[in-house]
Amino acid sequence: MTEINIGTGVSALTLLDGATILARGTNVPEGSKAYVRAGLIEGPAPDLAEVEIVV
């Protein structure tokens, strides 16, 4: 979570590949990881190591 706009109810998030997306929801603190599905923040995600596997 990189930025939260309480007024609009939208948050900016940075993905693993560096892309930034906007998602509805403000229920996760700035600087935390979040689960996002279909443009909606589902809730906080655990702070685990990030691993990307290419098949």
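Residues numbered from 1 in each chain as written. Predicted model: local features only at pLDDT ≥ 70, side-chain atom pairs only at ≥ 80, totals over all residues. Heavy atoms only, no water.

Engineer: How would you sum up the nonpolar core? Please name residues and give values.
Structural biologist: Among the nonpolar cores identified, the biggest contains 5 residues, and these are Met1, Leu13, Ala23, Val28 and Ile41. With near-sequence residues (within four places) excluded, leucine 13 lies in contact with Met1, Thr2, Ala19, Thr20, Ile21, Ala23, Ala34, Val36 and Ile41. (Core = buried A, V, L, I, M, F, W, Y, C linked by side-chain atoms within 4.5 Å. Buried < 20%, exposed > 50% of the residue type's maximum accessible area, 1.4 Å probe, protein only. Contact = heavy atoms within 4.5 Å.)

Engineer: Residue-level account of the layout of surface pockets, with values.
Structural biologist: Approximately 420 Å³ is the volume found for the largest pocket. Around the largest pocket, the lining is made up of 16 residues, and of these Thr14, Leu16, Lys33, Ala34 and Glu50 lie nearest the centre. At the level of elements, strand E2 (10-14) and strand E4 (34-37) are the ones that each hand at least two residues to the lining of the largest pocket. No other element matches the 3 residues that E4 contributes to the lining of the largest pocket. Across the lining of the largest pocket, the residue classes tally to 12 nonpolar, 2 polar and 2 charged. (1 Å grid on protein atoms, 1.4 Å probe; cavity = no way out; pocket = protein on both sides within 12 Å on 5 of 7 lines; lining within 4 Å. Points joined across faces, edges and corners; volume = space filled by probe spheres on them. Helix = DSSP H or I, 4+ residues; strand = E, 2+ residues; numbered from the N terminus. Nonpolar A, V, L, I, M, F, W, Y, C, P; charged D, E, K, R; others polar.)

Engineer: Please provide a residue-by-residue account of the pattern of salt bridges, values included.
Structural biologist: In the structure shown here, the tally under the stated rule is 2 salt bridges. Of the charged contacts in the structure, one is a salt bridge between aspartate 47 and lysine 33, with a shortest N-O distance of 3.3 Å. Here the residue aspartate 47 occupies a position in the segment after strand E5 (40-44), and lysine 33 occupies one in the loop between strand E3 (20-24) and E4, the gap between them amounting to 14 residues. Judged by relative accessible area, aspartate 47 falls into the exposed class, the value being 68%. Owing to a relative accessible area of 26%, lysine 33 belongs among the partly exposed residues under this scheme. Ionic pairing is found between arginine 37 and glutamate 42, a salt bridge with its closest N-O pair at 3.4 Å. (Salt bridge = Lys/Arg side-chain N within 4 Å of Asp/Glu carboxyl O.)

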